[in-house]
Amino acid sequence: MKFQIEDVTVYFPYDNIYPEQYSYMVELKRALDAKGHCLLEMPTGTGKTIALLSLITSYVLSKPSNPVKLLYCTRTVHEMEKTLAELRFLHNYQVKHLGPSARILALGLSSRKNLCVNTSVISAENRDSVDAACRKLTASWVRAMAVENPNIPLSFLRIMRRLPLMRFCLPESIHCSYQYLLDPKVAGIISKEMQRESVVVFDEAHNIDNVCIEALSVSVRMQTLEGATRNLNRMSQEIERLKATDAGRLRAEYNRLVEGLAQRGNLPITDTWFSNPTLPEDILKEAVPGNIRRAEHFVSVLRRLVQYFKGRLQTENVEKEGPVTFVASINAQVGIDQKMLKFCYDRLHSLMLTLEITDTDEFLHIQAICDLATLVGTYTRGFSIIIEPFDERMPHIPDPVLQLCCHDASLAIKPVFERFQSVVITSGTLSPIDLYPRLLNFNPVVSRSFTMSLTRDCICPMVLTRGSDQLPVSTKYDLRSDPGVEKNYGKLLVEMVSVVPDGIVCFFVSYSYMDGIVNSWHESGILKEIMQHKLVFIETQDVVETTLALDNYRRACDCGRGAVFFSVARILLARLEYLRETFQIREGDFLTFDALRQAAQCVGRVIRSKADYGMMIFADKRYSRHDKRSKLPGWILSHLRDAHLNLSTDMAVHIAREFLRRMAQPYDKTGAMGKKTLLSQEDLEKMANGAGEMLF
């Protein structure tokens, strides 16, 4: 269908459109016209992606004199593939109506592990090994040797040079993961080629602040330090070899460092390693300190730094300190000042190139050390150094870790807001939406949450506050370990598995709490009762185990028996003090925001389309408070009836039975009782003329 939104002709590849999709496009166009940023929340299963792509591509087609590029960021490769498939479908529709003028070039960016065409390279066991194998074939010095020696394997870049018809141009649409724009080590490679008149979309961005924090955080364990020591020994050997065979290369590097790393010129694309982990404006444009210019002196400095970290990991108590105190301690104990720390990462990069090291996967440990050194030497605020002697889940096993924790999510995303004209942050579960501008330190021109138009009440949220014995249930810290609370949660699950015909996902507040309550249920026989009705699968911290458990959970649901999946909703607490001091966000406000955001994400995928149906049970007495409950997404609150508040287990089971019986009946998918949930082109034309009204 084709319709107008003010001065833009929108090409939408379906015969009908949901009302919320149309409203979403209207608000998105407002943000693009204002050349500003926006926050948009639209429920899962309402066609958010195709609405966004249709509006932006149509916006570009309507303004050929001022072309806009699209940078579409997703969390996973699977989501990127789905987005590219939808864009291809939309593109074919637009070309059909507009001809060749509507053609665009769209590019999906991912790791070499996903995109490399060389079978000998992608057979490596992990991503880092693939990167190293690719570098062994494409580094400039390897290609130079291949010119003289035909026995060296032909690299992909040499193959590309033999294709005279191959042309490269900047695509109109780039699709990549968040890290390509938020992680400073790779963001510069992508964003520097894109014009300011670009639209950046962060899809499924409910956890974008956590992604920003992880991009600037580094963890160092004893295994990291042992690996870094091996790396330094190897580098020392390579330096001695180079002194004996090609000392001129070391002298050339020294001269370049005197002039400053920023003046080293443009490296061949195949020689680029990761960029500096700090933000672009914080990278020093000056000469490297004299005491780390010589390769052997720099390696000696890193040895002292590694030794210092080993000493700090010998602690028996949890320690926390700021960057200033930490840097002062390093200077006092091993004589490494702040300026030397700042240059560690770039100096390592330069030395790796000089030594012509290609197996970069072997040097990840020393890279992590230099990451941490450069970050802690650059920033005096927004970070903490936390040293823990053991994992709290296994306190009897020593496993010390030194973490550089970033507390300010706005640091990583600030260059994106400043570099690009419009940034769209969107998800099905952004609520509570009002705290994101403060967390990310930006001013959106549009901030909007949309409801879902349905022909039947296929969502059944409930708030359960009491067990069958009328005792309150809650995961509040002082109540969660009460035997009565654990028993009531178990009885609730036993009742639900006997009623619900398909899958049930049960979320816990932490791995330790899940382990404890599952053990308690096993001892009391509750777990055995659950398994008489359904199979039970449990999320673990091992990715492979959890993936296998999810696959088997789906298979159990598909075969008709159904299953229960125990999962964990994670909440991060380390940032509270910094947020209070810097952004005046009170601890209680952030804890409520983060807890309800996690809850919204847990239940937000209960349906994947309007033909689905599902129940959401908020089993905690704290949800009975309006100030907590009101921060859930509007599309969930619109289906939460007063009669479904403050329930006990037996009342919730009765409501569940009635709901499931009602959902088993046939229904009118096009609309009933005058409720319009699918709009045709004619309906949109009437609305544009003021003669029609959107009913949903």
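Conventions and cut-offs
Within every chain, residues take consecutive numbers counted from 1 along the sequence as written. It should be noted that, the model being predicted, local features are given only for residues of pLDDT at least 70 and side-chain atom pairs only at 80 or more, the latter also being counted only at that level, while totals for whole chains, interfaces and linings use all residues. No hydrogens and no water enter the side-chain calculation; it runs on all heavy atoms of the structure. UniProt positions are given in the numbering used here, feature names are shortened, and annotations may be inferred rather than shown by experiment. A helix here means a DSSP run of H or I that spans at least four residues, while a strand means a run of E at least two residues long, and both kinds are numbered starting from the N terminus. Helix span, expected: 1.5 Å multiplied by one less than the number of residues in the helix. By definition, residues are in contact when any of their heavy atoms lie within 4.5 Å. Every case where a carboxyl oxygen of Asp or Glu lies within 4 Å of a side-chain nitrogen of Lys or Arg is listed as a salt bridge. Type-normalised accessible area, obtained with a 1.4 Å probe on protein chains alone, sets the label of each residue: buried when under 20%, exposed when over 50%, and partly exposed for intermediate values. Strand pairing requires that DSSP identify at least two bridges connecting the strands. Orientation is described by axes fitted as lines to C-alpha atoms, over the contacting stretch for helices, and by angles from 0 to 180 degrees between their N-to-C directions. The criterion is simple. A nonpolar core is a set of buried Ala, Val, Leu, Ile, Met, Phe, Trp, Tyr and Cys residues joined through side-chain atoms within 4.5 Å.

Looking at an unreviewed UniProt entry, one finds the chain named DNA 5'-3' helicase and attributed to Sesamum angolense. Turning to the chain, the UniProt record has this under Catalytic activity (unreviewed entry): "ATP + H2O = ADP + phosphate + H(+)". Heading Sequence similarities (unreviewed entry) of the UniProt record for the chain holds this comment: "Belongs to the helicase family. RAD3/XPD subfamily."

Novice: Would you take a moment to explain helix H12 (residues 222-245) for this structure?
Specialist: Its 24 residues place the ends of H12 35 Å apart at the C-alpha level, agreeing with the 34 Å of an ideal helix rising 1.5 Å per residue. Buried residues along H12 sit in contact with strand E8 (218-221), helix H13 (247-259), helix H14 (295-312), helix H17 (344-354) and helix H18 (364-378).

Novice: Hey, could you run me through the pattern of salt bridges in this one?
Specialist: It is possible for side chains of opposite charge to pair when their charged atoms get near one another. Under the counting rule described, the total for this entry stands at 29 salt bridges. In this structure, Asp246 and Arg249 form a salt bridge, with 3.3 Å as the shortest nitrogen-oxygen distance. Put simply, Lys686 and Glu682 hold a salt bridge, and the shortest N to O gap is 3.7 Å. Note that Lys686 and Glu682 are positioned in helix H30 (residues 681-688) at a spacing of four residues, about one turn of the helix. You can call Lys686 partly exposed: its relative accessible area is 39%. Taking the relative accessible area as the measure of exposure, Glu682 reaches 49% and is therefore partly exposed. A single network of salt bridges, built from pairs that share partners, joins Glu6, Asp7, Lys29, Asp33 and Lys63.

Novice: How should the environment of Asn231 be read in this particular structure?
Specialist: Looking at the secondary structure, you find Asn231 in helix H12. Residues Asn231 and Phe363, spaced 132 residues apart in sequence, show a C-alpha to C-alpha distance of 5.9 Å. Setting aside residues up to four positions removed in sequence, Asn231 forms contacts with Glu362, Phe363, Leu364, His365 and Ile366.

Novice: For this particular structure, what's the right way to read the sheet that holds strand E9 (residues 319-321)?
Specialist: Sheet strands line up and pair through hydrogen bonds in the backbone, either parallel or antiparallel. What the four strands build is an open sheet, ordered E8-E11-E10-E9; its pairing is antiparallel. Two strands in the sheet have a free side with no partner beyond their single neighbour: E8 and E9. Between one strand axis and the next, the sheet turns by 15 degrees as a mean value, whatever way the strands run. Looking at chain direction, E8 and strand E11 (residues 398-406) are connected through four bridges and run antiparallel. In the strand pairing of E11, Val220 is matched with Leu402.

Novice: Hey, could you run me through the nonpolar core in this one?
Specialist: If you look at soluble globular proteins, the nonpolar side chains tend to sit buried side by side. In terms of nonpolar packing, the biggest core is built from 94 residues, with Phe202 and Ile425 touching the most fellow members. Looking at which element gives the most residues to this core, the answer is H14, with nine residues. Dropping the residues within four chain positions of it, Phe202 is found in contact with Cys73, Tyr178, Leu181, Leu182, Ile208, Ile413, Val416, Val423, Val424, Ile425 and Thr426. Ranked by size, the runner-up nonpolar core spans 55 residues in total, among them Met452, Cys460, Leu464 and Phe508.

Novice: Help me out: how do you make sense of the side chain of Ser329 in this one?
Specialist: Secondary-structure assignment places Ser329 in helix H15 (residues 323-334). Residue classification places Ser329 among the buried residues on the basis of a relative accessible area of 16%. Not counting residues up to four positions away in its chain, the partners in contact with Ser329 are Tyr308 and Arg312.

Novice: I'm lost on unusual backbone geometry in this one. Help?
Specialist: Working note: non-glycine residues mostly have negative phi, and peptide bonds are mostly trans. The peptide bond linking Ser431 to Pro432 adopts the cis configuration, its omega dihedral lying at -5 degrees. Within the secondary structure layout, Pro432 lies in the loop between strand E12 (422-427) and helix H20 (436-440). Even without a glycine there, the phi angle at Lys35 is positive, about 55 degrees. Backbone geometry places Asn441, a non-glycine residue, at a positive phi of 60 degrees. Tracing the backbone through its elements, the reader meets Asn441 in the loop between H20 and strand E13 (446-449).

Novice: I keep staring at the sheet that holds strand E18 (residues 614-619) and nothing clicks. Help me out?
Specialist: What the three strands build is an open sheet, ordered E18-E14-E19; its pairing is parallel. Unpaired on one side and paired on the other, E18 and strand E19 (647-648) mark the two borders of the sheet. With two bridges joining them, strand E14 (residues 459-466) and E19 adopt parallel strand pairing. Its bridge partner lying in E19, Leu464 is registered against Leu647. Packed on one face of the sheet, helix H29 (residues 649-663) meets E14, E18 and E19 and runs near 170 degrees to E14.

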